[in-house]
Amino acid sequence: MGFVEEQLPVRYLGIPLIGTRMLVRDCNKLVEQVKARVQNWKHRALSFAGRLQLINSVLQSLQVYWCSVLLLPKTTIKDIGKIFKGFLWSGGDLRKGSAKFAWKTMCRPKEEGGLGIRSLQTWNEALLSRQIWRLFTTKDSLWTWGWDGRFPSLQLQPLPLLQTNKDDGIYWQDLNGNQAEFTPTQVWKDIRLVSPGVSWYKVVWFKHNIPSHAFILWLATHDRLMTHERMLIWHNSTIMQCMLCKMVPDSTPHLLFECQYPREVWTIVCTMCNFQTSDINLHHIIANQIPRLQSNHIQIDIERLALAATVYFIWRERNSRHHNGSTIPHAKLAMEVIKTLEARLCGIPLKWSAPMEDLCKRWKIPRPSNWPPPDNINLDT
Ligand SMILES: [Zn+2]
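If you're wondering where the values come from, they're calculated on a predicted model, not measured in any experiment.

Engineer: Mind showing me how you'd approach the overall build of the protein here?
Structural biologist: Secondary structure assignment for the protein yields 17 helices and four strands. Across the 381 residues that make up the protein, the buried fraction comes to 24%. Residue pairs in contact within the protein that sit at least 24 positions apart in sequence constitute 59% of those at least 6 positions apart.

Engineer: What is the right way to read the packing of helix α15 (residues 298-323) against helix α16 (residues 330-346) from this model?
Structural biologist: To characterise two packed helices, one gives the angle between the axes of the helices and the distance between these axes. Orientation of α15 relative to α16, taken along the N-to-C sense of each, is 135 degrees, at an axis distance of 9 Å. Here α15 lies oblique to α16, going by the angle between them. α16 is crossed by α15, and the crossing has right-handed handedness. Facing Ile302, Leu305, Ala306, Ala309, Thr310, Phe313 and Glu317 of α15, the residues of α16 in contact are Leu333, Glu336, Val337, Thr340, Leu341 and Arg344. Partitioning the contact of α15 with α16 into residue classes produces eight nonpolar, two polar and three charged.

Engineer: Before we go on, may I ask you to explain helix α4 (residues 74-90) in this structure?
Structural biologist: Because the α-helix completes a turn every 3.6 residues, residues three or four places apart line up on one side. Here α4 contains 17 residues, and its C-alpha end-to-end distance of 24 Å stays within 8% of the 24 Å for a straight helix at 1.5 Å per residue. Downstream of α4 by a residue or two, Gly91 has a phi angle that is positive, lying close to 75 degrees.

Engineer: Is there a simple way to think about the environment of Leu128 in this case?
Structural biologist: Within the secondary structure, Leu128 is located in helix α6 (residues 120-137). Expressed as a C-alpha distance, the spacing of Leu128 and Val69, which sit 59 residues apart in the sequence, is 6.4 Å.

Engineer: Is there a simple way to think about the nonpolar core in this case?
Structural biologist: Side chains that are nonpolar tend, in soluble globular proteins, to be buried together. Of all hydrophobic cores here, the largest spans 68 residues; its most connected members are Leu217, Val269, Val311 and Val337. Shared between two domains, this core takes at least three residues from each, and those domains are domain 1 (11-100) and domain 2 (201-348). Setting aside anything within four residues of it in sequence, one finds Val311 in contact with Ile216, Leu217, Ala220 and Leu256.

Engineer: Even after reading the chapter, I still don't get the environment of Val311, so can you show me in this structure?
Structural biologist: Looking at where Val311 falls in the secondary structure, it is placed in helix α15. Separated by 91 residues in the primary sequence, Val311 and Ala220 have C-alpha atoms spaced 8.2 Å apart.

Engineer: Hey, could you run me through unusual backbone geometry in this one?
Structural biologist: Residues Leu256 and Phe257 are joined by a peptide bond in cis, for which omega reads 0 degrees. Among the secondary structure elements, Phe257 is positioned in helix α12 (residues 252-258). Unlike most non-glycine residues, Asp223 shows phi in positive territory, near 55 degrees. Structurally, Asp223 is set in the loop between α10 (211-221) and α11 (228-231). Even without a glycine there, the phi angle at Asn274 is positive, about 60 degrees. Within the secondary structure, Asn274 is located in the loop between α13 (260-273) and α14 (282-289). Overall, the presence of 12 C-beta atoms within 10 Å leaves Asn274 in the exposed class.

Engineer: What am I meant to see in the packing of α6 against helix α8 (residues 184-191) here?
Structural biologist: At a minimum axis distance of 8 Å, the contact between α6 and α8 shows a crossing angle of 130 degrees. With respect to their mutual orientation, α6 and α8 come out oblique. In the packing of α6 onto α8, the handedness of the crossing is right-handed. Here Thr122, Trp123, Glu125, Ala126, Leu127, Ser129 and Arg130 of α6 lie close against α8, whose contacting residues are Pro184, Val187, Trp188 and Ile191. Partitioned by chemical class, the residues of the contact of α6 with α8 number seven nonpolar, two polar and two charged.

The rules behind each value
- Residues numbered from 1 in each chain as written.
- Predicted model: local features only at pLDDT ≥ 70, side-chain atom pairs only at ≥ 80, totals over all residues.
- Helix = DSSP H or I, 4+ residues; strand = E, 2+ residues; numbered from the N terminus.
- Buried ≥ 20, exposed ≤ 12 C-beta atoms within 10 Å, placed from the backbone.
- Contact = placed C-beta atoms within 7 Å.
- Axes fitted to C-alpha atoms, helices over the stretch in contact; angles between N-to-C directions.
- Parallel < 35°, antiparallel > 145°, perpendicular 65-115°, else oblique.
- Left-handed = near helix turned anticlockwise from the far one by under 90°.
- Nonpolar A, V, L, I, M, F, W, Y, C, P; charged D, E, K, R; others polar.
- Expected span 1.5 Å × (residues − 1).
- Core = buried A, V, L, I, M, F, W, Y, C linked by C-beta atoms within 7 Å.
- Domains from an automatic or database assignment.

So yeah, pure geometry; function would need other evidence.
Next up, the structure:
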């Protein structure tokens, strides 16, 4: 007859149809699917930022299908987290000492120092709350049929306080006690574990950032760049000297920017950007930027882009000296940073003004086509 023999449970759109709570074995197929997708990416040369983007895309598809209808077992969520961690930090299976952060830290919003990865467990609960919401709000739907009999306590819910001048309704109350529109996103906000905010997040994450640069700066801000000083936590050996000066132990504070080579690169970049700073400590530079972030001026964007690009290129140079022995003079590396900034600035929409005209000349970026022709501009008006 051409039928394919399958095993129970029956699946609909790939999801098992079962009448009881999901068990780990019911979700093995899901874990295998995630593993298979990650295997497909393993051989591609992807940056951290690229891997992060792919992880978010798989999480998105998991939320659309599995998490909206089934409560995933904690073991399954842990197994999936382990696959993602291995892919993000090692490009494949997780190696000892390669994970720079706990998964739950990475699942914090960027404002709270994380990477904004969606926590599968919290999102699963938030998405399923929609089903409970429907029980109360759409009592006639097929979905609610039989639930009242199965869970009599649902009928015993206290009735809301009646007001004669208003129609009865059911509303969601947020964490602050305010009435809010019911959405899974709102529920997620109200049930997730909130961590203290970090004041520096806008220095790292902003609209025009370059994702791979932002990611390395984020690691540096947390002091999690894998310098030799940090690797000694896992490997007991003699500390390696800085790859750039060979005089001082390899550590993040030295690399950014106490060492002479990075400092010279940073000075050239700052001069080009009109960035007035004499600091050679990454945390101090970031702390000094924070009060100025209220301004929307393009200069703030240039300074943030310059900091992230300099950190990124210095980190790349340090690694390339370590792994290949190849070196680039500091002036050439500074030019690479400046060229990258030029290219990025070309992609940012600029509104015409006299300072913007100067900015284009300074950075040698073409005048946007929607600007008035240079002959028509009267700078006195
Ligand atoms: Zn050095």
